[in-house]
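Examining the three-dimensional arrangement
Spelled out, the chains give:
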Amino acid sequence: SSCSNSARVRFEHSPIEAQEAKMSGYTSLSNTYQAGQAISAPVTYPMSQSFVAPGVASMPARVPAGVPAGVPVSVRVPSTVIQAQGPGTKVRTAQDPQVLPGEAMKMLREGNRRFVQGKPVATRTSNGMRLELVDQGQAPHTAVIGCADSRAPVESIFDALPGDIFVLRNAGNTCTHAEGSMIGSLEFCIGKLKSRLVVVLGHTKCGAIYGATKTYLAKKSDPAAATTALDGLLSGLAVVAEKAEYDMGPMADEEFVAAHAVKVNVFHTIDYLLQYSRAIREGVASGNVEIQGAVYDLSTGLVDFMGRSPRQADLLKSDVALPPTVVMMSNAAVRRGKLGVRTGVDVAPAPEEALDLLMQGNSRYVSGEPTSNATSSPMRKALVKKGQAPHTAVVGCADSRAPLETLFDMMPGELFVVRNAGNTATHAEGSMVGSLEFCCGKLGTRLIMVLGHTQCGAIVGATSTYLANIGKPQIKPGSALEGLLADLTGTIKKASDELGPGASKEELAAHAVKVNVFETMNFLLQYSEPLRQLMSAGKVDLQGGIYHLETGRVEFLGRSPRHQELLASKGSLPPSMQKEMTRAVRTPDDNPMEPEAALKLMKEGNDRYCHGKPMAGKFDSEMRKALSTIGQSPHTAVVGCADSRVPLELVFDVLPGDLFVMRNAGNTVTHARGSIIGSLEFCVTALRTRFVMVLGHTNCGAIKGATATYLKSKRGEAPAKDSGALEGLLAGLSSVAGDAAAQLRPNASEKEIADLAVSVNVFHTMDTILKSSSDFRDKVRSGDVQLQGAVYDLNTGRVEWLGKNPKQASILSS
């Protein structure tokens, strides 16, 4: 009629939308509507592909009444969604209803049929599809455990769109070495995403299964231990190969056994899931979840769906809640502390237990299987609120190739670390002894470990000094480094006497590393009455060790041969060092890093640490070998606190070789001037490091103790009669607390003073470093070296960058 009740509507699009429509096969987008009918989006259109325009909005337009039949009505559509009917045209999101297991299986079969026929439909996605998945979330209809083999792409095999399948893959589609990851991921998928079908998908000619079969058959005649992770993977699949061989009979050749093992492995993985996951068992038992096996044929592209495991009914009776490795990790977490890290609420382990923790941690480090994870915000808060309770205090070398927390695989809160060049007490006696007295007396730590390392630059340098000066008159040291090396020559002479004449320089230096460990242990015994009392009572033990750069292993030496003898020593205070010294030179192979670049790396590393996304990764034998043979070239030197909650390599997410670290209680130079200055001069001169940082931290025990000492002195209270190195350390820091108090209101609380004193102490240490070394000042003045301060926040994990010392310019001009 002339007044038709229907009209043809043509949808117009912007140029970009039109281009997308053309790419999807749309050249004419139109539909028929009744007169007066509202035109709205989305519009369903029977096409085999989909076109999604962003920003879907309804259209208030209506077809005018009285429009003649067949007369096109043009409607401007700012944005529409035209959805094709059929597979491959719409993504699944959390807005869609759950798919029953049988329906999901039907989708997989149909998708595989299209894949085999070469007629896939899930070949194109659009911005709109991707935005839907982002905005509405995922709701995959199936979870698939498949092989990592590049010839078996799961989504392609089943012609699936993004959002259809939750895919887990590894070599061999197995759970033997990834049970925690696989099972946890599946529990997430069926529990949170509501997927109701799980398929374990093997494939023909699987390299992992064929390799496992070959390994199993070979080891029957020649057993050998696994030496690599790949060996471990193949050995873990031996049970699959063994069953396949049994099924095929003794006369079957390797090819037939391996081919059958592919199917055996599929059911083995299904059985593992059922046996070790309560959540999966409950889902299957209730009928809410279905688990089936399948094998993809590489030659034909067809998937052979094999159904349920023959053992499903029996395995549903299992009462095991967690896979084996998760149980082991849970037990390890308990050993680390009640709150995930060691804090003041944990009981101090006996010395032998702490030593065992070190041995186990180093073993994990060497095997490349560390268990120390990135710390979380609750962990850091626990360390702040509950305090620290490190199980071991370690006196180690500042060498950047020997990061103690890393090589013992320890978390923050486990080790109280004191470091200087050469792990010696010759120039750091006040700092070293006082720090250890604080750790054992106040924190309850029951094991002290003095750790040297092979290829130690300080020991090698001292050996060269000793050999060069044999028979010559003693010369007054011209720098702090020369003084450090000169004082270590006594250790070298002792090593020479033990080896006898004819020993080479290399042999002498290697033996001196061990002698030096015992010399440091002897020094601690001789000059600390509090430590001797604790050791005599059996409350603390003192042990030595040597870290081998070449292998990563720690050689545990036990007690000093003079342990019992020195327990009877009467020394109560270590000798103090009065002289200020400067440095010598060294030429590394690597070019020095600009200070600005080093600072950028430190900031980026701390940011990764705070977000729990470290990138430093594992440290392998090749890296150790490079550091051992080529030498170190750290980009930054850090003067930090020995507090176990501030593991510097972790806080800045760096590898061994990046940081040259000096640590003592309170990150101070008041009692460790020779050691710290000498170590710094060695670093900026011999190693050509150009960025130096003094790092304090919040809730610092040494600063809090120094603040209490300052306030007692201000009130006129007499110091304790039995004052040891610890009291001397706190007294030396009390001036810092006084400076902080002077910057606050008269009635400031002890906590307020201690909090401010942390940053004041950082600048105080920077002042002392600049004033104590003319060579260091010259390097800073010339711009060759940059000195900055910072404060690490135990609560957040973030480093507050304080910048340069406000007094630096005046010190440099004096």
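Source: prediction; values computed, not measured. (Residues numbered from 1 in each chain as written. Predicted model: local features only at pLDDT ≥ 70, side-chain atom pairs only at ≥ 80, totals over all residues. Heavy atoms only, no water.)

**A look at the overall build of the chain**
- Looking only at helices and strands, the chain features 30 helices and 21 strands.
- Here the chain holds 814 residues, and the buried ones make up 52% of them. (Helix = DSSP H or I, 4+ residues; strand = E, 2+ residues; numbered from the N terminus. Buried < 20%, exposed > 50% of the residue type's maximum accessible area, 1.4 Å probe, protein only.)

**Here we look at the sheet that holds strand β11 (residues 303–307)**
- The sheet built from five strands is open, its strands ordered β8-β7-β9-β10-β11 with mixed pairing. Each edge of the sheet is formed by a strand with only one pairing partner; in this case those strands are β8 (165–170) and β11. Ignoring which end each strand starts from, the neighbouring axes of this sheet average 25 degrees apart.
- Here strand β10 (residues 290–296) runs beside β11; their pairing, made up of four bridges, is antiparallel. Note on β11: the bridge partner recorded for Tyr 296 is Val 303.
- Taken strand by strand, helix α2 (residues 101–117) contacts β7 (142–147), β8, β9 (197–203), β10 and β11, and its axis lies near 35 degrees from that of β9. (Pairing = 2+ DSSP bridges. Axes fitted to C-alpha atoms, helices over the stretch in contact; angles between N-to-C directions. Contact = heavy atoms within 4.5 Å.)

**Brief notes about the environment of Ser 299**
- As for its placement among the helices and strands, Ser 299 is situated in the loop between β10 and β11.
- Overall, the relative accessible area of 70% leaves Ser 299 in the exposed class.
- The spatial distance from the C-alpha of Ser 299 to the C-alpha of Thr 204 is 8.3 Å, given a sequence separation of 95 residues.

**Looking at the nonpolar core**
- Of all hydrophobic cores here, the largest spans 96 residues; its most connected members are Phe 416, Ile 448, Phe 660 and Phe 776.
- Sort the elements by how many residues they give to this core and helix α19 (residues 505–527) lands first, with 10 residues.
- The next biggest cluster of nonpolar side chains, apart from the first, holds 41 residues, and it includes Cys 147, Leu 186, Leu 234 and Ile 280. (Core = buried A, V, L, I, M, F, W, Y, C linked by side-chain atoms within 4.5 Å.)

**Thoughts on the side chain of Asp 164**
- Within the secondary structure, Asp 164 sits in the loop between α4 (154–157) and β8.
- Polar side-chain contacts of Asp 164 include one of 2.8 Å to the backbone nitrogen of Leu 161.
- The residues touching Asp 164, leaving out its near neighbours within four places in the chain, are Arg 92, Pro 140, His 141 and Thr 142. (Polar contact = N/O pair within 3.5 Å; in protein donor to acceptor, adjacent residues only side chain to side chain.)

**Digging into helix α29 (residues 774–782)**
- Taken as a whole, α29 has its buried residues at Phe 776, Arg 777, Lys 779 and Val 780. On an axial view of α29, the arc spanned by its buried residues comes to 160 degrees, and they lie on one face.
- Within two residues after α29, Gly 783 carries a phi angle of roughly 85 degrees, on the positive side. (Arc of directions from axis to C-beta.)

**Some words on the pairing of strand β21 (residues 799–803)**
- One ladder, built from four bridges, connects strand β20 (residues 786–792) with β21; its direction is antiparallel. Looking at the pairing, Val 791 lines up with Glu 800 of β21.
- If you look at the hairpin formed by β20 and β21, you'll find six residues sitting between the two strands, and Gly 797 has a positive phi there, around 85 degrees.

**Brief notes about the packing of helix α8 (residues 238–248) against helix α9 (residues 254–276)**
- Two numbers describe how α8 lies on α9: the axes approach to 8 Å, and their chain directions differ by 120 degrees. The orientation of α8 relative to α9 falls into the category oblique. You can see that α8 and α9 cross each other, and the crossing is right-handed. Note on element contacts: α9 touches α8 through Phe 256, Val 257, His 260, Ala 261, Val 264, Asn 265 and His 268, opposite Val 239, Val 240, Ala 241, Lys 243, Ala 244, Glu 245, Asp 247 and Met 248.
- Classifying every residue of the contact of α8 with α9 gives nine nonpolar, three polar and three charged. (Parallel < 35°, antiparallel > 145°, perpendicular 65-115°, else oblique. Left-handed = near helix turned anticlockwise from the far one by under 90°. Nonpolar A, V, L, I, M, F, W, Y, C, P; charged D, E, K, R; others polar.)

**Some remarks on the pattern of salt bridges**
- Counted by the stated rule, this structure contains 28 salt bridges.
- Across the pair Glu 255 and Lys 205 runs a salt bridge whose closest N-O atoms are separated by 2.8 Å. With a gap of 50 residues between them, Glu 255 in helix α9 and Lys 205 in the loop between β9 and α6 (207–219) connect regions that are remote in the sequence.
- Among the residues examined, Lys 205 registers a relative accessible area of 47% and is labelled partly exposed.
- In this structure, Lys 779 and Asp 784 form a salt bridge, with 3.2 Å as the shortest nitrogen-oxygen distance. (Salt bridge = Lys/Arg side-chain N within 4 Å of Asp/Glu carboxyl O.)

**Side note on unusual backbone geometry**
- Even without glycine at this site, Lys 205 takes up a positive phi of about 60 degrees.
- Phi angles above zero are rare outside glycine, and Asn 423 is one such case at about 35 degrees.
- Within the secondary structure layout, Asn 423 lies in the loop between β13 (415–420) and α16 (429–442).
- Using a relative accessible area of 2% as the deciding quantity, one classes Asn 423 as buried.

**Regarding the packing of helix α18 (residues 480–499) against α19**
- Running from N to C, α18 and α19 point in directions that differ by 115 degrees, and their axes come no closer than 8 Å. Regarding α18 and α19, the two cross each other, and that crossing is right-handed. Residues Leu 488, Thr 491, Ile 492, Lys 494, Ala 495, Ser 496, Glu 498 and Leu 499 of α18 pack against Glu 507, Leu 508, His 511, Ala 512, Val 515, Asn 516 and Glu 519 of α19.
- The residue inventory of the contact of α18 with α19, partitioned by class, reads seven nonpolar, four polar and four charged.

**Details of the packing of aromatic side chains**
- The full count for this structure, using the stated rule, is 10 aromatic pairs.
- Their ring planes at 45 degrees and their centres at 4.5 Å tell us that Tyr 272 and Tyr 276 sit as a pair that is tilted. A residue pair is termed a helical-turn pair when its members lie 3 or 4 positions apart in one helix, as Tyr 272 and Tyr 276 do in helix α9 at four residues.
- Given a relative accessible area of 18%, Tyr 276 falls into the buried group.
- With a centroid separation of 4.6 Å and an interplanar angle of 45 degrees, the aromatic rings of Phe 523 and Tyr 527 are classed as tilted. Separated by four residues within a single helix, Phe 523 and Tyr 527 lie in helix α19, roughly one turn from each other.
- The lysine or arginine in question, Arg 380, covers the ring of Tyr 609, its NZ or CZ lying 5.6 Å from the ring centre. (Phe/Tyr/Trp six-rings, centres within 6.5 Å; stacked < 30°, edge-to-face > 60°. Lys NZ or Arg CZ within 6 Å of the ring centre and 35° of its normal.)

**A short note on the confidence of the model for the chain**
- Averaged over all residues, the pLDDT of the chain is 81; the fraction at 70 or higher stands at 80%.
- Below a pLDDT of 50 lies the segment residues 1–64, which in the model reaches 169 contacts outside its immediate sequence neighbourhood of four places, other chains included.
- Note on residues 327–334: pLDDT is under 50 here. Beyond four places in sequence and across chains, it has one contact. (pLDDT = per-residue confidence, 0-100.)

**Focus: the environment of His 260**
- On the secondary structure map, His 260 appears in helix α9.
- For the pair formed by His 260 and Tyr 210, sequence separation is 50 residues and the distance between their alpha carbons is 10.0 Å.
- Ignoring sequence-local partners within four residues, the contact set of His 260 consists of Ala 244, Asp 247 and Met 248.

**Some points on the pairing of β9**
- Of all the seven residues making up β9, seven are buried; the element is thus mostly covered by neighbouring parts of the structure.
- In β9, alternate side chains face the same way, and those of Leu 197, Val 199, Leu 201 and His 203 on one face and Val 198, Val 200 and Gly 202 on the other are all buried.
- Inspection of the sheet shows β7 paired to β9 by four bridges, in the parallel sense. Following the sheet pairing, Ile 145 is matched in β9 by Val 200.
- Two elements, β9 and β10, share seven bridges in a ladder whose sense is parallel. Paired with Val 199 across the two strands is Gln 292, which belongs to β10.

**What about helix α13 (residues 351–367)?**
- Given a rise of 1.5 Å per residue, 17 residues ought to cover 24 Å, and the 25 Å separating the end C-alpha atoms of α13 matches this to within 8%.
- Within α13, the full set of buried residues consists of Pro 351, Ala 354, Leu 355, Leu 357, Leu 358, Gly 361, Asn 362, Arg 364, Tyr 365 and Val 366.
- After α13 finishes, the residue Gly 368 shows a positive phi value of roughly 75 degrees. (Expected span 1.5 Å × (residues − 1).)

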